[in-house]
Amino acid sequence: MNLFSSPQHFLTWRRSLSNKKSVGFVPTMGALHEGHLSLVRQSIQENDVTIVSIFVNPIQFGPKEDLKRYPRPLQKDRRLLAGLKVDGLFAPSVKSMIGQEILTKVSVHPLNEFLCGAPQFRGHSHFDGVATIVAKLFNIVSPQRAYFGLKDFQQVRVIEQMVKDLNIPVEIVRCPIVRERDGLAMSSRNQYLSPRERTLAPYIYRSLQSGRKLLRSHPNMSLKAISSQIKNQLKKIPEFKIEYIEFVDPQSLEGLRQKKGAVLLAAAVRLGTTRLIDNLLIK
Ligand code: PAF
């Protein structure tokens, strides 16, 4: 597997690849788990060449967030990717990607301000940081397809919209959430959980499942009443600090009062110092 630590270095190799080869791309922040590896396997199946990036993107972290403590096990990640026979690993330094400062920002409004993007949670600057870095990565990597996990549903919508609005010639491939056996959605942040928090964390997914069950069994119940019930269930466990549990339109991400076609039930919950998100797309 080829390893590149700057855009310049990477581009020399990228330009040497034949235009006839399809390139699949999996952008990540490293600390790879089975969720990431499933994206990589899908890319390998569907493309001639697969490129993975590992970049803990400082411009998507707020000043009070976990940028410093975010796990960076690069050697382990390299071994995992080499084992899958990834062709290229692009792991640029912060200096080579950001330099002093980026003056251009990509802001996908208003998708960036719902759910996690609300000012009291991560704020729109989180998604602006994601969109900006992903636009840069797409320009450097020039993939035909890019693979994203649906745990970060809002991120996927932001990127889909950016690609459409800016005519970026990349097909965004949505990939299913990969879960632990007990239902907890895989995330690099799960490793922050204490053993007790780890036993509680699967209740988030269970509460979403019970919301889906209520929605199906009580078609006349309002979405607000269902989300209140889910919140009340979770509040029984004092360690959970709920940020939001909301039914939204899966396209616009706007909050829904009435059921109409598919709905996304999305949750963000703090458990100790760890912020976990999950969602269920209900058709
Ligand atoms: O989902 C992630 O790991 C990141 O937000 C991404 C897409 C790699 C951009 O930094």
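Details of the structure are given in the entry above.
These numbers were taken from a predicted model, which means no experiment stands behind them.

Participant: Teacher, can you tell me more about the site of the ligand here?
Facilitator: The immediate surroundings of the ligand are formed by Pro27, Thr28, Met29, Asn57, Gln60, Ile133, Val134, Phe148 and Gln155. Separating an oxygen atom of the ligand from a side-chain N or O atom of Gln60 is a distance of 2.6 Å. Gln155 has a polar side-chain atom sitting 2.7 Å from an oxygen atom of the ligand. Burial of the ligand by the protein amounts to 89% of the accessible area it has alone, namely 290 Å². Listed by contribution, the elements that provide at least two residues to the shell around the ligand are β2 (23–28) and α5 (124–141). Classifying every residue of the shell around the ligand by side-chain character gives five nonpolar, four polar and no charged.

Participant: Is there a simple way to think about the sheet that holds strand β9 (residues 274–282) in this case?
Facilitator: Spatially, β7-β8-β9 is the arrangement adopted by the three strands of the open sheet, whose pairing is antiparallel. In the strand order of this sheet, the two ends are held by β7 (240–248) and β9, each with one partner. The mean inter-strand angle of the sheet, taken between neighbouring strand axes irrespective of direction, is 10°. Relative to strand β8 (residues 263–271), β7 is paired through eight bridges, and the arrangement is antiparallel. Bridging across to β8, Phe247 finds its partner in Leu265. Packing of helix α8 (residues 202–217) onto the sheet brings it into contact with β7, β8 and β9, and relative to β9 it is tilted by some 25°. Set on the sheet, helix α9 (residues 223–235) makes contact with β7 and β8; between it and β7 the angle comes to about 160°.

Participant: Explain the sheet that holds strand β1 (residues 2–4) here, please?
Facilitator: Strand pairing in a sheet takes place through backbone hydrogen bonds and is either antiparallel or parallel in direction. Within the open sheet, the six strands sit side by side as β1-β4-β3-β2-β5-β6. Their pairing is parallel. Each edge of the sheet is formed by a strand with only one pairing partner; in this case those strands are β1 and β6 (171–175). If you compare each strand with its neighbour and ignore which way they point, the axes differ by 25° on average. Direction of pairing for strand β3 (residues 49–54) relative to strand β4 (residues 88–90): parallel, over a ladder of three bridges. Counted as the bridge partner of Val52 is Leu89 from β4. Relative to the sheet, helix α1 (residues 7–16) contacts β1, β2, β3 and β4, its axis offset from that of β1 by approximately 145°.

Participant: How do you make sense of the packing of aromatic side chains when you look at a structure like this?
Facilitator: Each pair of aromatic rings is reported with the distance of its centres and the angle of its planes. One pass over the structure, following the stated rule, counts eight aromatic pairs. For Arg69, the ring lying beneath its charged end belongs to Tyr192, and the centroid distance is 3.7 Å. Here Arg206 stacks its cationic end above the ring of Tyr203, 4.7 Å away from the centre of that ring.

Participant: What am I meant to see in helix α6 (residues 153–165) here?
Facilitator: The periodicity of an α-helix, 3.6 residues per turn, causes residues three or four places apart in sequence to face the same way. When the terminal C-alpha atoms of α6 are compared, their 18 Å separation across 13 residues agrees well with the 18 Å that a helix rising 1.5 Å per residue should span. Within α6, 11 of the 13 residues are buried, which leaves it mostly tucked inside the rest of the structure. Every buried residue of α6 is accounted for by Phe153, Gln154, Gln155, Val156, Arg157, Val158, Ile159, Glu160, Gln161, Met162 and Val163. Contacts from the buried residues of α6 go to α5, β5 (145–149), β6, β8 and β9. Directly beyond the C-terminal end of α6, a positive phi value near 50° is found at Asn167.

Participant: Where do I start with the environment of Leu89 in this structure?
Facilitator: As for its placement among the helices and strands, Leu89 is situated in strand β4. Sequence spacing of Leu89 and Asp77 is 12 residues, and the spatial spacing of their C-alpha atoms is 9.9 Å. If we ignore the near neighbours within four places in the chain, the residues touching Leu89 are Met1, Asn2, Leu3, Phe4, Val52, Ile54, Arg78 and Leu81.

Participant: Help me understand the pairing of β8 in this model?
Facilitator: Looking down a regular strand, the side chains alternate between one sheet face and the other. Burial analysis of β8 places eight of its nine residues in the buried class, the great majority of the element. Bridge count for β8 against β9 is nine bridges, and the pairing is antiparallel. Each bridged residue has a counterpart across the sheet, and for Val269 the counterpart in β9 is Leu276. Between β8 and β9, which pair antiparallel in sequence order, lie two residues; one of them, Gly272, sits at a positive phi of approximately 60°.

Participant: Could you clarify how one ought to interpret unusual backbone geometry in this entry?
Facilitator: Leave glycine aside and you will find that most residues have negative phi; peptide bonds, for their part, are mostly trans. Residues His109 and Pro110 are joined by a peptide bond in cis, for which omega reads 5°. Note on placement: Pro110 falls in the loop between α4 (94–98) and α5. Even without glycine at this site, Ser142 takes up a positive phi of about 45°. For Ser142, the position within the fold is in the loop between α5 and β5. Even without glycine at this site, Asn167 takes up a positive phi of about 50°. Structurally, Asn167 can be placed in the loop between α6 and β6. In this structure Asn167 comes out as exposed when scored by relative accessible area, which is 65%.

Conventions and cut-offs
Residues numbered from 1 in each chain as written. Predicted model: local features only at pLDDT ≥ 70, side-chain atom pairs only at ≥ 80, totals over all residues. Heavy atoms only, no water. Near = heavy atom within 4 Å. Polar contact = N/O pair within 3.5 Å; in protein donor to acceptor, adjacent residues only side chain to side chain. Areas by Shrake-Rupley, 256 points an atom, 1.4 Å probe, with all protein chains shown as cover. Helix = DSSP H or I, 4+ residues; strand = E, 2+ residues; numbered from the N terminus. Nonpolar A, V, L, I, M, F, W, Y, C, P; charged D, E, K, R; others polar. Pairing = 2+ DSSP bridges. Axes fitted to C-alpha atoms, helices over the stretch in contact; angles between N-to-C directions. Contact = heavy atoms within 4.5 Å. Phe/Tyr/Trp six-rings, centres within 6.5 Å; stacked < 30°, edge-to-face > 60°. Lys NZ or Arg CZ within 6 Å of the ring centre and 35° of its normal. Expected span 1.5 Å × (residues − 1). Buried < 20%, exposed > 50% of the residue type's maximum accessible area, 1.4 Å probe, protein only.

Note that all results are geometric; they support no functional claim without further evidence.
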